[in-house]
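Architecture at a glance
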Amino acid sequence: MASDEPAEGAVPVSEHGGGGRPGRLAGFWPRPKDLGRDLGAGLTVGLVSVAEGMAYALVAGVDPIYGLYAGSITVIVGSLFASTTLLMVTATNALALVTADKVGALGGDVDPATGMFTLTLLVGVVMTILGVLRLGSLIRFVSKEVSTGLVAAVALLILLGQYKDLVGYSSEIDGNKVRKAIDITAHIGSWNWPTVGVGVGCIVVLVLIKQTSLRSYADIVALVAGTAVVALFHLDSIETVKQIATIPTGLSSIPTPHLPDLSLVPALIPAAIAAAIVGLSEAATVGSAYPNPDGSPSDTSRDFLAQGLANVTGGIFRTMVVGGSLSRTGVNVSAGARSRWSGVYAGVLLIILIAVAGKLAELIPLCTLAAILIVIGFETLIKEIRHLIEARFVSWPHLVAAAITIVVGVFSEITTAIFTGVALSLILFTLTMSDRAKVVAWQQVPPDRWRQVEPPKSLEPGSTTVLAVSGSAYFASVYRASHALPEFHDAPGAAVILQIRGRRLYSLTGVDYLADLIKDLRKSGHLVVLADAEPDQRSLFSKTGILTEVGEQNVVWRKDIIGEAATEAVAIADRWHAAQGPGSV
């Protein structure tokens, strides 16, 4: 049933980049009837962001305050501009890992926080460009299996990376996280057992709470419980946030503009591209998992733009790299959010919370934050493994690509895994599409219908054959299609109708192939007719000589009714056959 209320999905920026009209602005502003639920959802998301924001900052290797900022400033900007109404643009597991890999690789002379701010800004620029150019569909060229492999690799790295904080012992050996985890296990006698007890206890609390209706608050409960146990029992041997960072309060806690170090841009470009790929891939998943309440479709390119603007703002106001967060969006939805303003409220409330009670965050044990991350990582890993198990029924090559992506991510670095996964996806896409190209024949069913049949082995004198390419048709398909044509060199006098409806020549490979095929067929004594040629290709056909070679009279331009052009082309062939004399073409 139609509603008289304006669609909430509208934003003050038009789809085409111009200013919004009053009718569209009406759906953008907060509605009084949604205020209560949006405020409640915003408060819930803000509280969860305290735990997850600080945890992801630890993964990235920076001050926890920057994780808190990522739950405020960027969430506000992302919520205002996103097409996916309830999308939460904030810190995520994968983006924190990319940050840790590349900012840590800058060397000891570079302040990690400064490197991260520059990376955040650079990621924002990449995402914004993709959004403005409306290239949101590009992310679809990364297969689901590879995306799943990337997420699984991130989950494994989170589990391995938090092992040290969970047991209170850090490995001193060089190497990847797997080697460090093995070394930590080998030194079980050096573990801090109070830390192990509180950490494991928090994991148990998280698992139990997540089985109840209060699952959205599980992180908060574990955070409070772990902090309370350490404080009440004076477990001074357990490391807390205070020992690694100072959380500001009052006006000093409000994020202020900061100019990133632009000299780091060249070194961070690969990481920015990798982070953009991950962030945009995650956001695309959020859009499909949590559709807009008003039923309006999500615009992937506009979500790209929203994330880009959030990161540009974050780079200036000192936040972590951010993207569409599936977990935080899920909390927002389950808490009853009705509009994009729940995200705005979440950001504002978190800033107020930091200003009023920021010092309390210093009491949080690192093992509690590790427990939260380990549970998140384990849940994610189980879900992605199930997806990969399903994938074995679909495509083994894509499953192998996912496995390679996981191995590279775990034993090398996540940025390399991202580029490896994207490259494998593109290779498999190209191979799959070119393999699907197939030459078929059309057989007329009188008076004016057609059916698809196998093409003849060779052309017979006096015959009329309609040929078409089934499946994808682009430069990689040409080589396969050229070997599937009927033999036409031995016997002249046949008419060949090339049915090219919907086929456009996007590369010189296709142009040369079509021109050479027409020349070869005519040289062998056959008539060539192009049927259903796209009108917008007329200029290309003319400038490349195809129109001259085939003859204007032998081109039937696209008809609205499928098969009508082929019928007209057959009539041209019939007249040609009737007019044939010995040796004529």
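The structure presented is a predicted model; accordingly, all values stated were derived computationally and were not measured.

In this structure, M54, Y66, L119, M320, L369, I414 and I418 are the most contacted members of the largest nonpolar core, which totals 89 residues. Not counting residues within four places of it along the chain, the set of residues in contact with I418 comprises V98, L150, A274, I277 and V278.

The subject of this paragraph is helix α16 (residues 396-411). Taking 1.5 Å per residue as the helical rise, α16 with its 16 residues ought to reach 22 Å, and the 22 Å between its terminal C-alpha atoms agrees with that figure. Taken as a whole, α16 has its buried residues at H398, L399, A401, A402, T405, I406, V408, G409 and V410. You can read the cap of α16 off the contacts: a side-chain oxygen lies 3.4 Å from the backbone nitrogen of H398, and it is on S395.

Turning our attention to the packing of helix α9 (residues 193-209) against helix α15 (residues 366-391). Axis angle and axis distance: for two packed helices, these are the angle between their axes and the distance between the axes, and together they describe the pair. Following both chains from N to C, one finds α9 and α15 inclined at 40°, their axes separated by 8 Å at the closest point. By the criterion of interaxial angle, the relationship of α9 to α15 is oblique. Taken as a pair, α9 and α15 cross one another with a handedness that is right-handed. Listed contacts from α15 to T195, V198, G199, C202, I203 and L206 of α9 are C367, T368, A371, I372, I374 and V375.

Attention now goes to the pattern of salt bridges. Counting across every chain of the model gives twelve salt bridges. Among the ionic pairs, E362 bridges to K359, the shortest N-O distance being 3.1 Å. Its relative accessible area of 7% is what places E362 among the buried residues. In this structure, R522 engages E549 in a salt bridge whose closest nitrogen and oxygen atoms are separated by 3.5 Å. Placement of the pair is R522 in helix α19 (residues 508-523) and E549 in helix α21 (residues 546-550), with a sequence separation of 27 residues. E549 sits in the partly exposed class, given a relative accessible area of 25%.

Within the element layout of this structure, T114 appears in helix α6 (residues 112-132). Discounting chain neighbours no more than four positions away, the residues touching T114 are D261 and L264.

With that settled, the discussion passes to the state of the cysteines. Using the criterion set out here, one finds zero disulfides in the structure. Here C367 is not disulfide-linked; the sulfur of C202 is the nearest cysteine sulfur, at 6.0 Å. Judged by its relative accessible area of 1%, C367 falls in the buried class.

Turning next to a nonpolar patch on the surface. Taken together, the side chains of V125, I129, V132 and L133 present a nonpolar region at the surface, about 360 Å² in accessible area. When you line up the elements, I129 lands in helix α6.

Right, let's talk about the pairing of strand β4 (residues 449-453) for a bit. Where strand β3 (residues 438-445) lies against β4, five bridges are found, and the strand directions are antiparallel. The residue of β4 that forms the bridge with A441 is V453. Counted between consecutive antiparallel strands, the loop separating β3 from β4 contains three residues.

This brings us to the confidence of the model for the chain. With 91% of its residues at a pLDDT of 70 or more, the chain has an overall mean of 87. Scored below 50 in pLDDT, residues 1-24 makes 43 contacts in the model with residues more than four places away or belonging to other chains.

Calculation notes
- Residues numbered from 1 in each chain as written.
- Predicted model: local features only at pLDDT ≥ 70, side-chain atom pairs only at ≥ 80, totals over all residues.
- Heavy atoms only, no water.
- Core = buried A, V, L, I, M, F, W, Y, C linked by side-chain atoms within 4.5 Å.
- Buried < 20%, exposed > 50% of the residue type's maximum accessible area, 1.4 Å probe, protein only.
- Contact = heavy atoms within 4.5 Å.
- Helix = DSSP H or I, 4+ residues; strand = E, 2+ residues; numbered from the N terminus.
- Expected span 1.5 Å × (residues − 1).
- Polar contact = N/O pair within 3.5 Å; in protein donor to acceptor, adjacent residues only side chain to side chain.
- Axes fitted to C-alpha atoms, helices over the stretch in contact; angles between N-to-C directions.
- Parallel < 35°, antiparallel > 145°, perpendicular 65-115°, else oblique.
- Left-handed = near helix turned anticlockwise from the far one by under 90°.
- Salt bridge = Lys/Arg side-chain N within 4 Å of Asp/Glu carboxyl O.
- Disulfide = S-S within 2.5 Å.
- Patch = residues over 30% accessible without salt bridge, like charges linked within 9 Å, V, L, I, M, F, W, Y side chains within 5 Å.
- Areas by Shrake-Rupley, 256 points an atom, 1.4 Å probe, with all protein chains shown as cover.
- Pairing = 2+ DSSP bridges.
- pLDDT = per-residue confidence, 0-100.

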